[in-house]
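Chain and residue survey
Now for the letters of each chain:
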Amino acid sequence: MVDLALSQDLSASPIAARLHRFHAGDRNFRRIAFSCALVILAMFAGILWALIAGAWPAISAFGLPFIWTEIWNPVTQKFGGLAPIAGTLVTSFLAMLVAVPVGIGIAIFLTELCPRPLQRPIGIAVELLAGIPSIIYGIWGLFVLAPFLQQYVMPGVIAAFADIPVLSSLFAGPPYGIGVFTAALILSIMTIPFISAITRDVFETVPPVLKEATYGLGATIWEVQSKVVLPYARSGVVGGVMLALGRALGETMAVTFVIGNSHRVSSSLFAPGTTISASIANEFTEAVGDLYLPALVELGLLLFIVTFLVLATAQYMLYQLERRAGGRP
Amino acid sequence: MNNQRYLRRRIRSAFFMGLSVVATVFGLSWLVLVLGTLLYEGLGGFDFRLFSEMTPAPGDDGGLLNAIMGSLMMNIFAVAVGTPIGIFAGTYLAEYGRHTKLAFVVRFVNDILLSAPSIVLGLFIYEIIVLPMGHFSAWAGSAVLATIVIPVVVRTTENMLLLIPNTLREAAAALGAPRAHVIKQVTWRAARAGIVTGVLLAIARISGETAPLLFTALNNQFWSLDPNAPMASLPVVIFQFAISPYRDWQQLAWSGALLITLTVLILSIIARVLEARTDQK
């Protein structure tokens, strides 16, 4: 490139060729990057298309009532998704009921109460734990938690609530150990580190000046948290919770081990049930007949739609927080 | 009167802070329990045979060699395919299309894919690869894992490139470097550690991925390196062995689970160290 000016009048053509090559390389690089970005969109469109195409026989055979029909009979090829859909929603809801307060509590502890030297180690530990594969929680649930609940917890709870009208049906039946309750508990255990890691990050976006000013007015720690930090970080916390919910809804392995895979809607939380992902994982390779597989794929399609809505809300909320924090870097 | 009110506020605060300590103890003790059990049960079966012998029939002794090998192979395929696509797509988002509408949509879709249920990705690959091929295969398993790798790499690559100051790009452009050279010689180099972090996190993510492999790569009891045939993988073997009634299979499942956890933890620790180093620069 240095001798560009010198040789300009002597031999313009090789340099022109070289510049041309440069230009072509530049253009190709851009094209590659662009098409790789399109791959992302193609993947998304492909997933939607594949799920709809795969589920089509079931969609046209069962129609909309699929969603509220409980029957699941491979022999007569009659399928309805109520049990797995209800199971997915109930387990995720219960898991969030436990994991959200605990996760936020841990985040408050980490940002306000934790002694300095412990802050980083505990924070890092929480983040590392959020990355542990779900199958680990599943195997632990099967071998440790379920037997423990069956022996020590469930009989007591069932006996204690036997005479109370609503609770007796909520905690009824023989103590199997596995079931909806156990699955929800495992789900909450595995989403706790996830929620607390995100919530802590969100809390750290709150400008220290705001907190210091409130402390300066004589507020207590709780008042600073509930009146300044939480309102400021609200959209971020909601976004984080939605992300965790999206995870819980689609979680497969942690649930499959302990839910019992029974296509029946029961009023008792101790009864075995199933979720969408557990049904697919358990039955997919054994599904025979024209409608069995499509019915499972239709469940997958419903799961995808629900998680899409939840995750899109999560993103919107986190985007709101980002905008308030000053936009993307 | 005023003092009493102040006291009430203090008590209220102490109460809620107490709750947050309880929450921390509650949350972390579960995790200690899980990891403790894992170590206790898993270490019992940690020996040389684990890495040198095939998965056994019930009652025989054996190891997890074919499963470890299968996981390695499928992970390598997935990373080999997913990483370049992810890096280029992330580069597009950060370098070319930063403020375009297309980039906005791609970013949104990518973040959805990042947290989409992996079992749904499994169904997708089943429909587009397993069904047309007519049989389960390690190719299909690798394809699923690649679809999980790509969004992770895209996200971290974009984030890391955005951290590079624009003055660097401008300086390189002022020297007459074409855009592609600016990216290859300057921004990629500056963000190298961060991009590697993303790849490591992606590997950590797919190392324990089980659900979508159940109906793409399936499983294989025997030694097989044929990517066109079903292949064993560590997570799937753990799943099958754990729900089996045989004590020695369950032991292998625990050891395999410990192996996966250690892999994931080590990978994430390396990734964190790398990330911390980039931040310091």
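Residues numbered from 1 in each chain as written. Chains lettered and ligands numbered in written order. Predicted model: local features only at pLDDT ≥ 70, side-chain atom pairs only at ≥ 80, totals over all residues. Heavy atoms only, no water.

1. Thoughts on the overall build of chain B
Along chain B, the regular secondary structure elements total 11 helices and 0 strands. Going from the N terminus to the C terminus, chain B shows its helices and strands as α-α-α-α-α-α-α-α-α-α-α. Here the C-alpha atoms of chain B give a radius of gyration of 24 Å, more than 25% beyond the 19 Å that 2.2 N^0.38 yields for 281 residues. Out of the 281 residues in chain B, the part that is buried amounts to 56%. The contacts in chain B between residues at least 6 apart in sequence include a share of 74% that link residues at least 24 apart. (Helix = DSSP H or I, 4+ residues; strand = E, 2+ residues; numbered from the N terminus. Rg over C-alpha atoms; globule rule 2.2 N^0.38 Å. Buried < 20%, exposed > 50% of the residue type's maximum accessible area, 1.4 Å probe, protein only. Contact = heavy atoms within 4.5 Å.)

2. Some details on the overall build of chain A
From N to C terminus, chain A includes 11 helices and 2 strands. Going from N to C terminus, chain A has its helices and strands arranged as α-β-β-α-α-α-α-α-α-α-α-α-α. Radius of gyration (C-alpha) of chain A: 27 Å, far over the 20 Å computed for a compact globule of 329 residues. Projected onto its principal axes, the C-alpha positions of chain A cover 100 × 70 × 35 Å. Relative to its full complement of 329 residues, chain A shows a buried share of 51%. Surface accessibility of chain A: about 14,800 Å² in total, with carbon and sulfur atoms responsible for 68%. Side-chain charges of chain A comprise 17 positive and 17 negative groups, with the mean position of each set lying 8 Å from the other. (Areas by Shrake-Rupley, 256 points an atom, 1.4 Å probe, with all protein chains shown as cover. Lys, Arg positive; Asp, Glu negative; His and termini not counted. Charge placed at Lys NZ, Arg CZ, Asp CG, Glu CD.)

3. Some details on the interface of chain B and chain A
Taken together, the contacts link 83 residues of chain B with 81 residues of chain A. Counting each side, the surface lost to burial between chain B and chain A is near 7,300 Å², with a carbon and sulfur contribution of 83%. Linking chain B with chain A are 2 salt bridges, by the criterion used here. Across the pair R272(B) and E127(A) runs a salt bridge, and its minimum N-O distance is 2.3 Å. Applying the counting rule to chain B against chain A returns 8 residue pairs in polar contact (both at pLDDT 80 or more). Contributions of two or more residues to the side of chain B that touches chain A are made by α1 (2–43), α3 (65–96), α4 (101–115), α5 (118–133), α6 (138–163), α8 (179–190), α10 (234–242) and α11 (247–280) of chain B. Here the side of chain B that touches chain A takes 20 residues from α1(B), the largest share from any one element. Residues that form the side of chain B that touches chain A fall into these classes: 57 nonpolar, 15 polar and 11 charged. (Buried area = accessible area lost by both parts, 1.4 Å probe. Salt bridge = Lys/Arg side-chain N within 4 Å of Asp/Glu carboxyl O. Polar contact = N/O pair within 3.5 Å; in protein donor to acceptor, adjacent residues only side chain to side chain. Nonpolar A, V, L, I, M, F, W, Y, C, P; charged D, E, K, R; others polar.)

4. Considering the confidence of the model for chain A
Interpreting fine coordinate detail is not advised for predicted regions of low pLDDT. Counting all residues, the mean pLDDT for chain A is 89, and 95% of those residues have values of 70 or more. Taking the mean pLDDT of every element in chain A, the minimum, 82, falls on helix α5 (residues 165–170) of chain A and the maximum, 94, on helix α2 (residues 82–113) of chain A. (pLDDT = per-residue confidence, 0-100.)

5. Things to note about a nonpolar patch on the surface
Residue and element names in this part refer to chain A. A cluster of nonpolar side chains, namely L48, I52 and W56, defines an oily patch on the protein surface of about 280 Å² accessible area. Its location among the elements puts L48 in helix α1 (residues 12–62). Relative accessible area serves as the criterion here: at 31%, L48 is assigned to the partly exposed category. (Patch = residues over 30% accessible without salt bridge, like charges linked within 9 Å, V, L, I, M, F, W, Y side chains within 5 Å.)

6. Observations regarding the side chain of T157(B)
All names here are of chain B. Residue placement: T157 occurs in helix α6. The class for T157 is buried, based on a relative accessible area of 0%. Within the local environment of T157, its side chain forms a polar contact with the backbone oxygen of V153, the two atoms lying 2.6 Å apart. The contact partners of T157, leaving out residues within four places of it in the chain, are G86, I87, G90, T91 and I195.

7. So, α8(B)
Residues spaced three or four apart along an α-helix point in a common direction, a consequence of the helix completing one turn every 3.6 residues. Residues and elements named next belong to chain B. Counted at 1.5 Å a residue, the expected span for α8 with its 12 residues is 16 Å, and the 15 Å between its end C-alpha atoms agrees. Along α8, the residues classified as buried are A180, V182, I183, T187 and W188. Around the axis of α8, the buried residues are gathered within 140 degrees of arc, so they sit on the same side. (Expected span 1.5 Å × (residues − 1). Arc of directions from axis to C-beta.)

8. Observations concerning the nonpolar core
Soluble globular proteins tend to bury their nonpolar side chains together. Membership of the largest hydrophobic core comes to 194 residues, with the highest contact counts inside it found for Y137(A) and F284(A). Ignoring sequence-local partners within four residues, the contact set of F284(A) consists of S279(A), L293(A), L296(A), V297(A), L123(B), Y126(B) and F215(B). (Core = buried A, V, L, I, M, F, W, Y, C linked by side-chain atoms within 4.5 Å.)

9. Quick look at unusual backbone geometry
Phi is positive for Q77(A), close to 60 degrees, though the residue is something other than glycine. For Q77(A), the position within the fold is in the loop between β1 (72–73) and β2 (78–79).

10. A few points about the environment of R98(B)
Residues and elements named next belong to chain B. One can find R98 in the loop between α3 and α4. Spatially, the C-alpha atom of R98 lies 9.6 Å from that of E158, the residues being 60 residues apart in sequence. Each residue touching R98, except ones within four places of it in the same chain, is listed here: Y92, L93, A103, R107, L162, N166 and R169. In terms of polar contacts, R98 uses its side chain to reach the backbone carbonyl oxygen of A94, at 2.9 Å.

11. Concerning the environment of P151(B)
Residue and element names in this part refer to chain B. Along the chain, P151 falls in helix α6. Between the alpha carbons of P151 and L113 there is a distance of 6.4 Å; along the sequence they are 38 residues apart. Aside from chain neighbours lying at most four places away, what touches P151 is N110, L113 and L114.

12. Quick notes on the packing of aromatic side chains
Inspection of every chain in the model, using the stated rule, returns 31 aromatic pairs over all chains. With a centroid separation of 5.3 Å and an interplanar angle of 80 degrees, the aromatic rings of F257(A) and F239(B) are classed as edge-to-face. In this pair, F257(A) sits in the loop between α9 (253–256) and α10 (276–283) while F239(B) sits in helix α10, so the two residues belong to two different chains. Across this residue pair, the class does not change: F257(A) and F239(B) are buried. Look at Y246(B) and W249(B): their rings are 5.4 Å apart centre to centre, the planes differ by 80 degrees, and that puts the pair in the edge-to-face class. For Y246(B), a relative accessible area of 37% gives the class partly exposed. Residue class for W249(B) comes out buried when judged on its relative accessible area of 13%. (Phe/Tyr/Trp six-rings, centres within 6.5 Å; stacked < 30°, edge-to-face > 60°.)

13. Considerations on the pattern of salt bridges
If you walk through the whole model with that rule in mind, you get 10 salt bridges over all chains. In this structure, E223(A) engages R9(B) in a salt bridge whose closest nitrogen and oxygen atoms are separated by 2.8 Å. Pair noted here: E223(A) is in helix α8 (residues 221–250) and R9(B) is in helix α1, and the two residues belong to different chains. The shortest N-O distance in the salt bridge between R155(B) and E158(B) comes to 3.2 Å. Of this pair, R155(B) and E158(B) both sit in helix α6, separated by 3 residues, roughly a single helical turn. Among the residues examined, E158(B) registers a relative accessible area of 1% and is labelled buried.

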